[in-house]
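# Architecture at a glance
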There are 2 protein chains.
Amino acid sequence: MPDNAVMASAQTSPAAKPGPRLGLRERKKIQTRQAIRSAAYRLFEEQGYDATPVDQIADAADVSPSTVFRYFPTKEDIVLTDEYDPLLESVLRGRPADEPPLTAVRHAVVDGLRHILGDDTPEMRVRMRLIRDVPALRARSGEGMAESVGMICGVLAERTGRRADDIEVRVVTAAVLAAMQEALMVWVDGGQKDDPLAYLGRALDVLERGLTL
Amino acid sequence: MPDNAVMASAQTSPAAKPGPRLGLRERKKIQTRQAIRSAAYRLFEEQGYDATPVDQIADAADVSPSTVFRYFPTKEDIVLTDEYDPLLESVLRGRPADEPPLTAVRHAVVDGLRHILGDDTPEMRVRMRLIRDVPALRARSGEGMAESVGMICGVLAERTGRRADDIEVRVVTAAVLAAMQEALMVWVDGGQKDDPLAYLGRALDVLERGLTL
DNA sequence: ACTCTTTTGAGAGTTACTGTCATTTGACTT
DNA sequence: AAGTCAAATGACAGTAACTCTCAAAAGAGT
């Protein structure tokens, strides 16, 4: 269960958790991964995403192009890889079983976002801008969103006794994630100044209100 | 304003409207376009989307690869090009000005879908299946959806006096389109048997109900 | 120091495009 | 009917994102 690419990665920042007891091999892998990402972000900001070939990223990160593709299956993944879904799932499963589905999902999404905004790094801001501006990244981000919808539907199915492909379950889930997406994009459009959670709250309120304007 | 790729094209079917008064040139263009599409759909069904190179489509359609790319900027566009947005926009603008936004959008989406389902061709069914099954197409389809959101927000902004980037306007719009998307996908999953409009209706009801399950 | 496994880099190949340019082919004029 | 012009086509060269294979390099365990 991959990612929700609109959201930032949980362990993107340098030295996210080097963990004292890792072999040299593992440490090098983390280093390499980070080197590639840093180089990529820098080049993307300087020249733009499309104008930056993978070969150039490889050069800048001092690895071969093969290695880049070994770490990131696609160029998009350099920007979009994160671990949002597992976090979201565990928060959602932790909600009390008698809570109404929408409330549970709402809390899960809010908590998940809060956790992730913990690392409010400059890199994350670049990432959000890239997702907003580069069509290929937007598209892939949407794909990640769709996978999140699938995961959430699975959990909701267990909670409600409905089927995971029940249209109402799916609509609820899709609407919530769409609202989150819009909230984040509006936040980015506004210069990433205010609290994104405030936007998210307003967005979810609209849903609970039955979309009345 | 491109397309909503989950929706089928309005003039995809053969001889959609040859129009009696077209020069030979225009007629040939329509023919070529259709030849490419037909060949592509056939090959996609036989071998799969990814396993079918554009060169092979060109061969099958008796044109050069250059010509294929002249008609369809990307391979994805062979499947996804449609004219849903203009239709949607005109229907939406035609709704009475005092109607609540959600109601107006709801009617527009339903009417739009009805129009489009007029041509319930086999090709359209293949298209829907491709969109469901091929990640690249799903992603692009989502992109089209995002553009539709933009268009609808523009119209709603005029109607309501709010700004087009108002978060509530965007959430309403995004939720409706997400619901439509889910409705269509559930319909496809169910074998495209029943009336898709019934699914759409149920999906939109969930939204108006405030996402209560 | 010596295996053994994992990681890396080098290189070749595929495919989706992009851009250019000469040729062809309708469209229109005389 | 012939001639001119603009649009459409095809051939070709080039770029960039991957994919695959294989041999060299580098940790890990003995």
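Residues numbered from 1 in each chain as written. Chains lettered and ligands numbered in written order. Predicted model: local features only at pLDDT ≥ 70, side-chain atom pairs only at ≥ 80, totals over all residues.

An unreviewed UniProt entry annotates chain A as TetR family transcriptional regulator of Streptomyces luteireticuli.

### Structural notes on the relation of the copies chain B and chain A
The two copies are related by a screw motion: chain B maps onto chain A through a turn of 180° and a shift of 0.0 Å along the axis, at an RMSD of 0.1 Å. Between the two chains, the operation in question is that of a two-fold axis. Across chain B, the smallest distance between a C-alpha and the rotation axis is recorded for B:Gly210, namely 1.9 Å. (Least-squares fit on C-alpha atoms with pLDDT ≥ 70 in both.)

### Regarding the protein's contact with DNA strand D
Neighbouring residues of DNA strand D: 21 residues in total, closest A:Gly23, A:Thr74, A:Lys75, B:Ser64 and B:Thr67. Listed by contribution, the elements that provide at least two residues to the surface near DNA strand D are helix 1 (24–47), helix 2 (54–61), helix 3 (65–71) and helix 4 (75–80) of chain A together with helix 1 (24–47) and helix 3 (65–71) of chain B. For the surface near DNA strand D, the element with the most residues is helix 1 of chain B, which contributes four residues. When its residues are assigned to classes, the surface near DNA strand D shows six nonpolar, seven polar and eight charged. (Near = placed C-beta within 6 Å. Helix = DSSP H or I, 4+ residues; strand = E, 2+ residues; numbered from the N terminus. Nonpolar A, V, L, I, M, F, W, Y, C, P; charged D, E, K, R; others polar.)

### As for the interface of chain B and chain A
Much of the literature gives interface size as the accessible area that the parts lose upon coming together. With 37 residues of chain B at the contact, the number on the chain A side is 36 residues. For the side of chain B that touches chain A, a count of residues per class yields 21 nonpolar, five polar and eleven charged. (Contact = placed C-beta atoms within 7 Å.)

### Focus on the protein's contact with DNA strand C
Taken together, 20 residues lie near DNA strand C, and A:Ser64, A:Thr67, B:Gly23, B:Leu24 and B:Lys75 sit nearest. Elements with a minimum of two residues in the surface near DNA strand C: helix 1 and helix 3 of chain A together with helix 1, helix 3 and helix 4 (75–80) of chain B. Ranked by residue count, the leading element in the surface near DNA strand C is helix 1 of chain A, at four residues. For the surface near DNA strand C, the residue count by class is six nonpolar, seven polar and seven charged.

### Considering helix 8 (residues 135–160) of chain A
Taking 1.5 Å of rise per residue, the 26 residues of helix 8 of chain A would be expected to cover 38 Å, and the 37 Å separating its terminal C-alpha atoms lies within 8% of that figure. Of the residues one or two after helix 8 of chain A, A:Gly161 is the one with positive phi, at around 80°. (Expected span 1.5 Å × (residues − 1).)

### A word on the domain arrangement of chain A
Residue and element names in this part refer to chain A. Taken domain by domain, chain A consists of domain 1 (19–74) and domain 2 (82–208). Between the C-alpha centres of domain 1 and domain 2 the distance comes to 28 Å. Listed as interface residues are four residues of domain 1 and, on the opposing side, four residues of domain 2. The residue makeup of the side of domain 1 that touches domain 2, split by class, is three nonpolar, no polar and one charged. (Domains from an automatic or database assignment.)

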